[in-house]
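If you want the building blocks of each chain, they are given just below.
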Amino acid sequence: MWLLRLAWALAVLGVTASSSPSPGPGPGPTVPPPDKASIFADLSPAELRAVRTFLMSRPELGLSPSRGGPLAKNTLFMVELLPPKKQLALRYLDQGGPRPRRQARAVVFFGGQAEPNITEFAVGPLPRPSSYRPLRFKGGRTVPFTARPMTQLEYELLHRTLAEAMEPLYRLLRDSTGFWYHNCSRRCLTFSDIAPRGLAPGERRSWLVLQRFVEGFFLHPVGLEVLVDHRDPDPRRWAVQRLWYNGQYFSSPQELAESYERGTLAVARLAEPPYRQLFSSYEPRGSFATGTPTEVHGAKVCEPQGRRYRLRGNRLEYGGWSLAFRLRSSAGLQLFDLRFNGERLAYEVSVQEAIAFYGGHTPAAMQTKYMDAGWGMGSVTYELARGIDCPEAATYLDAHHLYDADGPVRFSRAICVFELPTGVPLRRHFDSNFQGGFHFYAGLEGQALVLRTTSTVYNYDYIWDFLLYPNGVMEAKVHATGFIHATFYTPQGRRYGSRVHSHVLGNLHTHLVHYKVDLDIAGTGNSFETMDVRFENISNPWSPGAR
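Each chain carries its own residue numbering, running from 1 in the direction its sequence is written. Local features are withheld for residues below a pLDDT of 70 in this predicted model, meaning they are given only at 70 or higher, and side-chain atom pairs are given and counted only at 80 or more; totals for whole chains, interfaces and linings count all residues. The basis for the side-chain values is all heavy atoms of the structure; hydrogens and waters are excluded.

Regarding the overall build of the chain
(1) Moving on: Tallying secondary structure elements over the chain gives 7 helices and 28 strands in all.
(2) Moving on: Counting only C-alpha atoms and orienting by the principal axes, one finds that the chain spans roughly 85 × 80 × 60 Å.
(3) Moving on: Any residue under 20% of the maximum accessible area for its type is buried, any over 50% is exposed, and the rest in between are partly exposed; the area is computed with a 1.4 Å probe on protein chains only. Counting every position in the chain, which comprises 547 residues, the buried fraction comes to 48%.
(4) Moving on: To measure how exposed things are, a 1.4 Å probe is used in the Shrake-Rupley method; for residues, cover is taken only from the protein chains shown. Per element, the accessible surface of the chain, about 28,300 Å² overall, is 54% carbon and sulfur.
(5) Moving on: Only four residue types enter the charge count, namely Lys and Arg as positive and Asp and Glu as negative; His and the chain termini do not. By convention, the point assigned to a charge is CZ for Arg, NZ for Lys, CD for Glu and CG for Asp. Counting 61 positive and 50 negative side-chain charges, the chain places the averaged centre of each group 2 Å from the other. In this description a helix means any DSSP run of H or I spanning at least four residues, a strand means any run of E spanning at least two, and both kinds are numbered starting from the N terminus.

Now the structure itself:
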């Protein structure tokens, strides 16, 4: 989508979860058995490397490094934990059964063969993998190669294609924006791509929105959108199919350039962006009318007598709560084996998908329907800032992702855990005597434990929270921040959004966030249903004639 770390203890846990210690020459200290929650722990860097090394060594797969080279090759795109099947996990957790074998889920792009496709594999056993098998979708079908997520390599090739295509538009872009695309140094244009990439299965055509490359470039469209067909594995066959400029469509860059040279083009001339105080900057500026102090610290979270929660690897405990968690590269936070006072309430609660549907007048805006798991929503978990993203007193954990890379990449402070005063009593009662006094007052301070991560999917920053309350309530929450997905303002665009700056339209859109909730209330044989309330008109039994 828009240019869309568990702690060292977790990394160690990922290894010990699947390997037993080697006996030393002497009796030595007794090594405690791994925590049962570790069957759900993310893969450690060593495990990620072991999976990659094993698959790269298989001659029948013919894998090449991800970075560099052509698109028409076989590459390992992503590796993450393949959680054990629920039946096997419960047998181990509840009945003393054998520990499930630890496996990885590997996604391979087969682009260098007669029928390119995307195939997922189960690889194991870890930590020393020796076999793999395909994970088949319903009906045995594979995912078409044209439906693959974008990679850094494809973006680089797309940039080269666009730079070449924009050469005829140098004068138009320079004169109207003060920036250009090819052979630029400081005054460069960039682009953001949208999805879906086409109107029918098998297509791979992307609308690219050109923007000034300044801070907050998402809010600096220049009025030009370009449709590039990049379906062919050979980028030399990629081509610009259409262009949209300031409300008009053109079939080629040359046609648009000629219209400008003839003086028949409605040119959108943009003001020079200021060197400082750029409206899209995150630099704090301005003042409040009340004059209340803003240069001093606001309220802070503190732990006056220490932490009231416990982290043991990927097991989190707080009051009556106990759960296992992981941060999967594909979709984000995933909780397992949620218990309250020892009783399991849910086997799994996890983020699955975030979708955004847009409307607009420009072709990119009207085409935009983002499904963020396809943009690596769980792998863009960048470092959390102390005191801003999470309190200073929070516990911070690292994560490791192998996503569009030739090895595991460490993301520092990707997760934080902290206890938060809710500001509202958990419960309270003032027992009045109705004579100006009271019999008693009772109340409990409101607190919750927060497990948090973020996903920066190009312009959007999602803040993902799971909150645990001491009364047995769990809450899932998501906050959307970052920059809006904006397009170039035209009068016709007012039907589909709000004008938020001189040449910027904030497009109307809606967000859908999907969670998986596998409740296990009083066992696995429970069911879920919804009930409607309906008005019932009956005779009043203590007042005849009344209804």
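A closer look at the environment of Phe145
(1) Moving on: Residue position: Phe145 is located in the loop between strand 6 (143-144) and helix 4 (152-165).
(2) Moving on: Classification of Phe145 by relative accessible area gives buried; the value is 7%.
(3) Moving on: Between the C-alpha atom of Phe145 and that of Leu505, which follows or precedes it by 360 residues, the distance is 34 Å.
(4) Moving on: In this view, Phe145 contacts Leu71, Phe109, Phe110, Gly111, Pro116, Asn117 and Ile118; residues no more than four positions away in its chain are not counted. Any two residues whose heavy atoms approach within 4.5 Å are treated as being in contact.

Thoughts on the domain arrangement of the chain
(1) Moving on: The domain limits used here are those given by an automatic or database domain assignment. Here the chain is described as being made up of domain 1 (38-147), domain 2 (152-262) and domain 3 (309-428 + 440-519).
(2) Moving on: With centres defined by C-alpha atoms, the gap from domain 2 to domain 3 works out at 32 Å.
(3) Moving on: For the pairing of domain 2 and domain 3, the buried interface totals around 1,900 Å² over both sides, and the portion due to carbon and sulfur atoms is 67%.
(4) Moving on: Buried area is understood as the total, over both parts, of accessible area removed when two parts are fitted together, assessed with a 1.4 Å probe. The largest share of the area that domain 2 buries against domain 3 comes from Ile194, Phe218 and Leu219, three residues that together contribute 29% of it.
(5) Moving on: A pair is scored as a salt bridge if a Lys or Arg side-chain nitrogen falls within 4 Å of a carboxyl oxygen belonging to Asp or Glu. Summed over the shared surface of domain 2 and domain 3, the number is 0 salt bridges.
(6) Moving on: Whenever a nitrogen or oxygen atom comes within 3.5 Å of another N or O atom, the pair is scored as a polar contact, on the condition that within protein one atom can donate a hydrogen and the other can accept it, and that pairs from neighbouring residues in sequence are kept only if both atoms are in side chains. Inspection of the region where domain 2 meets domain 3 yields 7 residue pairs in polar contact (both at pLDDT 80 or more).
(7) Moving on: For the side of domain 2 that touches domain 3, the secondary-structure elements that each account for two or more residues are helix 4, strand 8 (205-212) and strand 9 (221-229).
(8) Moving on: Looking at the side of domain 2 that touches domain 3, the element that brings in the most residues is strand 9, giving 4 residues.
(9) Moving on: Asp, Glu, Lys and Arg are counted as charged, while Ala, Val, Leu, Ile, Met, Phe, Trp, Tyr, Cys and Pro are counted as nonpolar; the rest, among them Gly, fall into the polar class. The class makeup of the residues in the side of domain 2 that touches domain 3 is 13 nonpolar, 6 polar and 3 charged.

Quick word on empty space enclosed by the protein
(1) Moving on: For cavity detection a 1 Å grid was placed over the protein atoms alone, and a set of points counts as a cavity when a 1.4 Å probe fits there but cannot get out; an open set counts as a pocket when protein lies on both sides within 12 Å along at least five of seven lines, with lining residues being those that have an atom within 4 Å of a point. Grid points are joined across faces, edges and corners, and a volume is the space filled by probe spheres set on the points. Size it by volume and the largest cavity reaches roughly 120 Å³.
(2) Moving on: For the largest cavity, the lining is made up of 13 residues, of which Leu71, Thr75, Phe109, Thr151 and Leu153 are closest to its centre.
(3) Moving on: For the lining of the largest cavity, the class distribution of residues is 7 nonpolar, 3 polar and 3 charged.

Looking at the sheet that holds strand 26 (residues 497-501)
(1) Moving on: Pairing is antiparallel across the open sheet formed by 3 strands, whose spatial order is 25-27-26. Of all strands in the sheet, those with a lone pairing partner are strand 25 (486-488) and strand 26, marking the two edges. Shown here is a sheet whose adjacent strand axes are inclined to one another by a mean of 40°, direction ignored. Strands were regarded as paired on the criterion that DSSP finds at least two bridges between them. Angles here are taken between N-to-C directions and fall from 0 to 180 degrees, while the axes themselves are lines fitted to C-alpha atoms, restricted in helices to the stretch in contact.

Some remarks on the packing of helix 5 (residues 170-177) against helix 6 (residues 253-262)
(1) Moving on: As a packed pair, helix 5 and helix 6 sit with axes 9 Å apart at the nearest point and diverge in direction by 60°. When the interaxial angle is binned, helix 5 and helix 6 end up oblique. Residues Arg171, Leu172 and Asp175 of helix 5 touch helix 6, and the partners they reach there are Leu256, Tyr260 and Glu261. If an angle is under 35 degrees, it is roughly parallel; if it is over 145, roughly antiparallel; if it lies from 65 to 115, roughly perpendicular; otherwise it is oblique.

Section: the UniProt feature "domain: Copper amine oxidase N3-terminal" (unreviewed entry) in the chain
(1) Moving on: In this structure's numbering, the residues bearing the UniProt feature "domain: Copper amine oxidase N3-terminal" (unreviewed entry) are residues 148-247.
(2) Moving on: As a span, residues 148-247 carries 22% helix and 29% strand, and end to end its C-alpha atoms are 31 Å apart. UniProt positions are given in the numbering used here, feature names are shortened, and annotations may be inferred rather than shown by experiment.

With respect to the UniProt feature "domain: Copper amine oxidase catalytic" (unreviewed entry) in the chain
(1) Moving on: Mapped onto the present numbering, the UniProt feature "domain: Copper amine oxidase catalytic" (unreviewed entry) falls at residues 300-536.
(2) Moving on: The span residues 300-536 is 2% helical and 55% strand by assignment, and the distance between its end C-alpha atoms comes to 51 Å.

Some points on the side chain of Asn540
(1) Moving on: With respect to the element layout, Asn540 can be found in the segment after strand 28 (509-519).
(2) Moving on: Engagement of the side chain of Asn540 in a polar contact is seen with the backbone nitrogen of Trp542, the distance being 3.1 Å.
(3) Moving on: Not counting chain neighbours up to four residues away, the residues in contact with Asn540 comprise Ala546 and Arg547.

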